[in-house]
Amino acid sequence: MSIKVKGFLKDVGGASRVTELRRESIANASSVPDPKDPIREVADLLHPESMKLRVAEIRDTSKYAKTFRFESVDGHIPVFQSGQYANFRLEIGGSTLTRPYSISSAPYEARGEKPFFEITIRRNRPYFVPDWFFANVKVGDVLEGALPFGTWYWEPLRDSKEIVALAGGVGITPFHSLAKEIAYGKLKGKGLKLTVLYGSVKQDDIVLKDELDAIERDCPDVRIVHVLSDEPDWPGEKGFVTREIIEKYSTPDCTYMFCGPFPMYTLVKKTLGEMGVPDRRFRHDAINNPADVTLLPGYPKGRETETHKITVCRGIAKDVIDASAKEPVAVALERAGIKIDTHCRNGECGFCRSQLISGDVFVSPIGDGRRLMDREMGWFHPCSAWPLSDLTIRIPIL
Amino acid sequence: MSKYFKDHYDVIIIGGALAGMSCALQLQAKGVKDILILEKHNLPGGLATDYVRNGFEIEATLHEMMSIGTKENRLKVGQFFDDMGVDIDWLPVPECYRVALPNSGIDKILHDGYERMAREIDEVVPGTFEKVHELMLLCRRVYDSMNILSVTPMSKVQMLMKHPDFVKTVGYSATEVINTFGLPKKAVEMLTPYWIYVGNRMDDLPFTIYAFLMADYFTGSYVCRGFSHEMSMKMERKVEENGAQFEFKQEVEKILVKDGKVYGVRTKRGDEIHADYVVSGAYPNKVYTQMIEPLSEVPEGAIKMINGRKLAVVPVSVMMVIEGTPEENGFTNYSTFSGETMDTNEIWRNNENLTEPYNYITTICLNYANPGCVPEGFTQLSITNLVPSAPFESVTEEEYHDLKRRLASEMIEECLKITKVDFRKRICEIEISTPMTIAHYVGAWKGNIYGFSHSLSDHAVARLGMKEEDHFIDGLEFAGAFGMSGDGMGPQITNGRAAAKAILEDKEKKEAAK
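Starting from 1, residues in each chain are numbered consecutively following that chain's sequence as written. For this description, chains carry letters from A and ligands carry numbers from 1, given in the order in which they are written. It should be noted that, the model being predicted, local features are given only for residues of pLDDT at least 70 and side-chain atom pairs only at 80 or more, the latter also being counted only at that level, while totals for whole chains, interfaces and linings use all residues.

1. Here's the deal with the overall build of chain B
Just so we agree on the cut-off: Put simply, DSSP H or I for four residues or longer makes a helix, DSSP E for two residues or longer makes a strand, and each gets a number counted from the N terminus. Taken over C-alpha atoms, the radius of gyration is set against a globule rule of 2.2 Å times the number of residues to the power 0.38. Remark: C-beta atoms are placed from the backbone, and a residue is labelled buried if 20 or more other C-beta atoms sit within 10 Å of its own, exposed if 12 or fewer do, or partly exposed between those counts.
Within chain B, the secondary structure is distributed over 17 helices and 19 strands. Taken over C-alpha atoms, the radius of gyration comes to 23 Å for chain B, in line with the 24 Å a tight globule of 514 residues would show. When its C-alpha atoms are laid out on the principal axes, chain B stretches across 65 × 60 × 45 Å. A burial count over chain B gives 59% of its 514 residues as buried.

2. Regarding the overall build of chain A
Scanning chain A for helices and strands turns up ten helices and 19 strands. Overall, chain A is about 100 × 55 × 50 Å in size when its C-alpha atoms are taken along their principal axes.

3. Some points on the environment of A:Leu267
Residue and element names in this part refer to chain A. Summarising the element assignment, Leu-267 is placed in helix 8 (residues 262–274). Given 17 C-beta atoms within 10 Å, Leu-267 falls into the partly exposed group. Each C-alpha atom of the pair Leu-267 and Thr-294 lies 17 Å from the other, and the pair is 27 residues apart in sequence.

4. Re the domain arrangement of chain B
Residues and elements named next belong to chain B. Short version of the rule: An automatic or database domain assignment provides the domain bounds reported here. For every residue pair, C-beta atoms are placed from the backbone, and the pair is scored as a contact if these atoms sit within 7 Å. Just so you know the grouping, Ala, Val, Leu, Ile, Met, Phe, Trp, Tyr, Cys and Pro go in nonpolar, Asp, Glu, Lys and Arg go in charged, and all remaining residues, Gly too, go in polar.
If you check the domain split of chain B, you get domain 1 (8–42 + 248–309 + 455–513), domain 2 (113–217) and domain 3 (310–445). Domain 1 and domain 3 are separated by 32 Å when their C-alpha centres are compared. With eleven residues of domain 1 at the contact, the number on the domain 3 side is seven residues. Each residue belonging to the side of domain 1 that touches domain 3 can be placed in one class, and the counts come to three nonpolar, three polar and five charged.

5. Some thoughts on the domain arrangement of chain A
When cut into domains, chain A gives domain 1 (43–149), domain 2 (162–284) and domain 3 (303–394). The centre of domain 2 of chain A, based on its C-alpha atoms, is set 34 Å off from the matching centre of domain 3 of chain A.

6. Considerations on the sheet that holds strand 16 (residues 360–365) of chain B
Within a sheet, neighbouring strands are paired by backbone hydrogen bonds and run either parallel or antiparallel to one another. Residue and element names in this part refer to chain B. Using the following cut-off: What makes two strands pair is DSSP finding at least two bridges between them. Note on definitions: angles span 0 to 180 degrees between N-to-C directions of axes, and those axes are lines fitted to C-alpha atoms, for helices only across the stretch in contact.
Pairing within the open sheet is mixed, and its seven strands lie in the order 7-6-15-16-17-14-18. Sheet topology places strand 7 (106–110) and strand 18 (427–433) at the edges, where each strand pairs with a single neighbour. Across the sheet, the axes of successive neighbouring strands diverge by a mean angle of 15 degrees, strand direction being ignored. With five bridges connecting them, strand 6 (residues 97–101) and strand 7 associate as antiparallel partners. Paired with Val-99 across the strands is Lys-108, a residue of strand 7. Strands in contact with helix 14 (residues 397–419) are strand 6, strand 14 (313–323), strand 15 (335–339), strand 16, strand 17 (378–388) and strand 18; relative to strand 15, the strand with the most contacts, it is inclined by about 100 degrees.

7. Describing the sheet that holds strand 12 (residues 282–284) of chain A
Residues and elements named next belong to chain A. Across the sheet, six strands lie side by side as 10-9-8-7-11-12; this open sheet has parallel pairing. One side of each edge strand has no neighbouring strand; the edge strands of this open sheet are strand 10 (237–238) and strand 12. Note that strand 7 (residues 162–168) and strand 8 (residues 193–200) share seven bridges and pair parallel. Across the sheet, the residue bridging to Ala-167 is Tyr-198, located in strand 8. Its contacts with the sheet place helix 5 (residues 173–184) against strand 7, strand 8, strand 9 (222–228) and strand 11 (255–259), and it is angled at close to 150 degrees to strand 8. The strands that helix 8 touches are strand 7, strand 8, strand 11 and strand 12; relative to strand 11, the one it contacts most, it runs at about 165 degrees.

8. Notes on the interface of chain B and chain A
Of the residues lining the interface, 73 residues belong to chain B; the matching set on chain A comes to 56 residues. Counting residues per element, the side of chain B that touches chain A draws most heavily on helix 14 of chain B, which supplies seven residues. A per-class count over the side of chain B that touches chain A returns 30 nonpolar, 21 polar and 22 charged.

9. Looking at the pairing of strand 16 of chain B
All names here are of chain B. Most of strand 16 is tucked away, with six of its six residues classed as buried. The two faces of strand 16 match: Tyr-360, Thr-362 and Ile-364 on one face and Ile-361, Thr-363 and Cys-365 on the other face are all buried. Sheet topology places strand 15 next to strand 16; five bridges connect them, and they run antiparallel. The residue of strand 16 that forms the bridge with Ser-335 is Ile-364. Here four bridges tie strand 16 to strand 17, and the two strands are oriented antiparallel to one another. Bridging from a neighbouring strand, Ile-364 pairs with Ser-382 of strand 17.

10. A look at the packing of helix 1 (residues 18–29) of chain B against helix 10 (residues 227–241) of chain B
Residues and elements named next belong to chain B. Convention followed: If you view the pair so one helix is near and one far, a crossing is left-handed when the near helix is turned anticlockwise from the far one by less than a right angle, and right-handed when it is turned clockwise.
It is at 10 Å that the axes of helix 1 and helix 10 come closest, and there the two elements cross at 35 degrees. When you trace helix 1 past helix 10, the crossing you get is left-handed. Only Met-235, Glu-236, Lys-238 and Val-239 of helix 10 make contact with helix 1, whose side of the interface consists of Met-21, Ala-24 and Leu-25. For the contact of helix 1 with helix 10, the residue count by class is five nonpolar, no polar and two charged.

11. Let's talk about the confidence of the model for chain B
When pLDDT drops low, the exact placement of atoms in the prediction is not to be read closely. Threshold: A residue's pLDDT is the predictor's confidence in that residue, given on a scale from 0 to 100.
The share of residues in chain B with pLDDT of 70 or more is 100%, and the mean pLDDT across the chain is 96. The complex prediction reports pTM at 0.97, with the ipTM value standing at 0.96.

12. Considering the pairing of strand 1 (residues 8–14) of chain B
All names here are of chain B. Which entries qualify depends on this criterion: When the strands point away from the viewer, a crossover counts as right-handed if the path from the first strand over the helix to the second runs clockwise.
Summarising burial for strand 1: five of the seven residues are buried, a large majority. As paired strands, strand 1 and strand 12 (residues 272–280) are joined by six bridges and run parallel to one another. Note that in strand 12 the partner of Tyr-9 across the bridge is Ala-275. Pairing of strand 1 with strand 2 (residues 35–38) involves four bridges; the strand directions are parallel. Residue pairing in the sheet places Val-11 in a bridge with Ile-35 of strand 2. One crossover worth recording links strand 1 to the parallel strand 2 by way of helix 1, and it is right-handed.

In structure tokens form, the structure reads like this:
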């Protein structure tokens, strides 16, 4: 016996009925195309693929640092959160170099009448891209880039309202953004308390000092503690950001946010571990790879002097380039004028994800953001992988 | 002409998601090897993917992969992977679902096996075993018939003779057919939670689809050891081993058509590449209103076809890694449907606005199917609701972050009602995805993951019967959630194969005409 729903004749007519119904609703539909997708439009506003960024202002923000203010040529700057970065696509010497810079201005400054964002670059010794910025970028120039990127920001659903920030050198920039947002922006009056333990060498090397002083004056929720390593007469904290100093300014269950150079990261991570801080309370920005690869834990020392050949496959095309073992694969590609879309440059974000067809690479264990199956099936992040042999790789066609 | 592509391919597939890749595999199995796949993102699989945050790998979408079956007794999708040599490490999901309705006093885990689940419902609502079991067997017969009829055409009389239950229930909603069983409300509430995976109210959802879903889920389901990215990666590798060219970061902007016949695509990068066939993973809505070049090649019927159909649902999902074991965080099982009600009309009404907290959620604790998904002492959790896209269409960029955090925190609060443990202080990682997230990463039209809504006015059986009417441009096929088999990851495999079959048939026809 098969089922009876409403009577044999009505039951067996179901297929014709639903077909008629469908045919009818299509026949009665409008023939005017509706190409509008408001959800994609908002998604594109939040994550523009590429922006034209005009330099609106350049100012000195320490003896060695300059702050560059950008407006968007189309007037729109996406909503971002303090801690996120802008990624620039720079045309330098026939190569396209992609470089991330933390946004140093506050999110609220990118809303309203005259939206802008700023990055702050410190150049205390020669570096290729900072040198280029300092020497070449002028007010009125238009650079290509996009924002926001990165998942390092204060997350209210996860992080404590008591924030102890640990900053070294130019690592202050995201905290300047956060402090300013707490003082004047959307995070004002939300109960956040931010204490910044900011390590610099000397007083004149403190980046954004005047700005930080002003925020501290205006906002009781923000406190800046300068820790100077080479200024014997400094009345405040001296030396490095040690366990003693961190404990002095910590509150129970606070969230530690770190942004600073590689050696400081190593120290801070060790110190917080010793203090028994759970990993979830230690949020750190992408750690820049040290210029000397042998400093990375696990690097097979002695191999850094080698040179290798990389066969680069893009679509049906193949190119062979030279690579120094000292430099990540992405740098070898950039030197050869081959485009590779890096973002974090620390192995974390996976934007430059590519296939390693043959050969060996050293992958930095710090910030290794590869997926399990990518590791098992030979995919890697060229921005944070150093050649240990000749390689054959496949990268996206850009 | 670009140095990276050939001038011409037999088939270009737009989108390297599950449907696109299964289309390629099916074509390759039948000897079509000259295939180019162009993927917008830098990952294969579309939504079948995951991401890494601070060393934790987090599943982006997959709850349960259906129609896999055991190694010895494969079902349709599992068999296809085996046949294609795609070797995936499937991990069984330990139960079908827990339905927890504090208001109705229901809190019960249902396991796979039609008899077993009927007994489990009987334990809560005594005296219902026979009827629930009978309903499940009916669902199974409809499921079996669907699988046969989707590949083997037959006459109406033959259909009525061989597949009477299928034929007699086609015209009705899930509610209408379930009502004939005269089950108490409480039992019905335990039988409806899966509705979320087809995204329409039980009053408008065809029984056929409900039956297919129930019969399928209650045979058991699977996830991948290496997250859904494993499935995507292994399909991609196989497609390439079979000789296809697969390129990432290649967004197709235009589908080139002349005199009603497709002849290639143009990418955002500017490459114009020609092909005899184009398979679109982009929604017909996008293809017919933006992508066909020139748009004058789009027949009026195609516009009516998209305007006359309703899009299905969009996901809102909160994904977390939490310090502590699942037990410490109050989780005891894999998949839980919970909320204030299981009345899908009431849930739908609630979901049509963004002001009320969602009254219904799906919680997945991945540890219970894949213990290796996090290091020991951590919990991987997702909370999801599938809702109509309309309320999101008026959300602005400025309010977006606040809105998504509010939705997430409300969904977490709803979840705390079942865990009875406040895990919020132990959250290690949290990501919230919305229709905007979907639109951003895979470009799906209005952030839709489920194509067109299964309803009585857009019935799968009617879609099958109107296959020819729905075909507008020679050489252009579609493979995605908007396909005949509809939504979900399992059906994507079927949708992709259907697109391949259409191409193979067309090729044969054209060769015969020569």
